[in-house]
Amino acid sequence: MIRGSATPAGTEGACGAHGSDYGSELGRTGLVVSPAGFGGYRVSPVVRAHGASLHLALTSGINLIDTSANYADGGSEELIGQVLGRLIDAGAIRREAVAVVSKVGYLQGKNFALSRERRREGGAFPELVPYAEGLEHCIHPEFLEDQLTRSLARLNLETLDIYLLHNPEYFLGWAAGEGMASDASRNEYDRRIEAAFRHLEAEAAAGRIMWYGISSNTFPADPSDPRFTCLERIWEIAASISPNHRFAAIQLPMNLYEPGAVLCANQPGGESALQFARRKELAVLINRPLNAMAGGRLLRLAEVGDTETLSIEEIEKRIETLAGSEHDFLARVLPGLGLDKAIGTQLTHRLFIAASLAAAWRELAGYDHWQQVRSELILPRIQGAMAFLENHLPAAPAAAAWRELHLAALDAALRGVGGYYAQTAAAKVAAIKAALAAADPDWDADEPLSRLALRALRTTAGVSCVLVGMRRPAYVEDVLAELAAPVPRRERS
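This is a predicted model, so every value here is computed, not measured. (Residues numbered from 1 in each chain as written. Predicted model: local features only at pLDDT ≥ 70, side-chain atom pairs only at ≥ 80, totals over all residues. Heavy atoms only, no water.)

A. Representation of the overall build of the chain. Of regular secondary structure, the chain possesses 17 helices and 15 strands. For 493 residues, the compact-globule formula gives about 23 Å, and the C-alpha radius of gyration of the chain, at 25 Å, lands near that figure. Its C-alpha atoms give the chain principal-axis dimensions of about 80 × 60 × 55 Å. Burial analysis of the chain (493 residues in total) assigns 52% to the buried set. Here the analysis covers contacts within the chain between residues at least 6 apart in sequence; of these, 76% occur between residues at least 24 apart. Total accessible area on the chain is roughly 21900 Å²; 51% of this is exposed by carbon and sulfur atoms. (Helix = DSSP H or I, 4+ residues; strand = E, 2+ residues; numbered from the N terminus. Rg over C-alpha atoms; globule rule 2.2 N^0.38 Å. Buried < 20%, exposed > 50% of the residue type's maximum accessible area, 1.4 Å probe, protein only. Contact = heavy atoms within 4.5 Å. Areas by Shrake-Rupley, 256 points an atom, 1.4 Å probe, with all protein chains shown as cover.)

If you want it as structure tokens, here you go:
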């Protein structure tokens, strides 16, 4: 087990090594952290690049890690514990220099299975919110105690620096769907938050956590939203428990297209959530810095990279070539494989994508939608089919030769479609960068959009740390390059 916790002196010393103006004060915690933190969403020990990325980040000046019990079904916390342990044992970093944040609230995957098992045994977690198929939510003290124990074990930590309730507004959404009166649901929400805070105060007294807070997607929302979480009301709840309470941090979404944390005056006193947080010296962690919801669509705030630019006719010709390869498999390759008819039909279904691609390739919402379709629908089908052919069938010259030609045809067709959407995406990126330059001279630079989008957030007064997904070493290098730019923090409203 890794003993100790992050300390003001340890974190300040780590950040000071990178320049006097490098670190950000983490609110009333006294900790000093890098302006960008390692976002642990979608990382796990089974992907080697994820561990390499975290290793690079921690040894290059990133000293805040954010994760959650439900990220990769606990795998994110496991990876972080493993990498921290190795680096601390090797003397590459010190525990006192690194702030670790985790979150609690979701029951899905293993936690959902645990919930069902407890129900069968007559000991269900109290106050469960049934949110969707295979998904529940809970912030009851009994659940918090269970989950903190599990998170500390996965992280291999004695003490967690900051523990956040993860989207407690799920209760408000559920209550609205159930037709509960607004006043009644608000009162119950406050009661549940207070009970959770009282338990977290006890966990802090026991030394299992240092500070606590809330991660909510609705801190920046309009007060008319039934799921709106009022930061001022949350502060009042914490203050009612003790004048020396350990409520010290919030996490919320913010990016160039979703600036509600700065611009929405949604607190009873007329302040924005960020203004109120600054006044109360709360740490503010920003998530979704590069994934914006714009017009109901996901927009990735980053360049799309080099892609082919083809005419519509050329793209359609490539798809036709792919279709021809598919039919060649059906006529020439499949009969020689000796497969059961049902297996052959299933294999063919997974391989054949040209017809659906031809029908829909020009109907997608944009480059990010195409990337989603490619990575989540097309490639898993093809990879599964190819793995079956390679690993479960005897070598067949016709099949092997066809496989190489087919993968080349598939790659050509996908690159052609990607290039079509990349043209529009590149124009949008150029427009965003022009708007940034016009908005603030500090944001006017010949840099990739991902860096400028991060710059806009990290240089906004009141923002403590921007959480960036860094699943590849190249992403870490991109963030480090941006943090090396000496841009001051200012009021950016």
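B. Layout of the packing of helix 2 (residues 48–58) against helix 17 (residues 473–483). Viewed as axis vectors pointing N to C, helix 2 and helix 17 meet at an angle of 25°, and their least axial separation amounts to 8 Å. Viewed along their axes, helix 2 and helix 17 adopt a mutual orientation that is roughly parallel. Note on packing geometry: the crossing formed by helix 2 with helix 17 is right-handed. Where helix 2 approaches helix 17, its residues Ala 49, Ala 52, Ser 53, Leu 56 and Ala 57 are matched on the opposing element by Pro 473, Val 476 and Glu 477. In terms of residue class, the contact of helix 2 with helix 17 is built from 6 nonpolar, 1 polar and 1 charged. (Axes fitted to C-alpha atoms, helices over the stretch in contact; angles between N-to-C directions. Parallel < 35°, antiparallel > 145°, perpendicular 65-115°, else oblique. Left-handed = near helix turned anticlockwise from the far one by under 90°. Nonpolar A, V, L, I, M, F, W, Y, C, P; charged D, E, K, R; others polar.)

C. Geometry of the sheet that holds strand 8 (residues 135–137). Spatial ordering of the open sheet is given by 6-8-7, a layout of 3 strands whose pairing is antiparallel. At either end of the open sheet lies a strand with only one pairing partner, and these are strand 6 (106–107) and strand 7 (129–132). In the sheet, strand 7 pairs with strand 8 via 3 bridges, with the strands oriented antiparallel. Residue pairing across strands places Val 129 opposite His 137, the latter belonging to strand 8. (Pairing = 2+ DSSP bridges.)

D. Seen up close, the pairing of strand 9 (residues 160–166). The element strand 9 is extensively covered by neighbouring structure, given that 7 of its 7 residues are classed as buried. Two elements, strand 5 (residues 99–104) and strand 9, share 4 bridges in a ladder whose sense is parallel. Its bridge partner being in strand 9, Lys 103 is matched across the sheet by Leu 164. With 6 bridges connecting them, strand 9 and strand 10 (residues 209–215) associate as parallel partners. Within the sheet, the bridge partner assigned to Ile 162 lies in strand 10 and is Trp 211.

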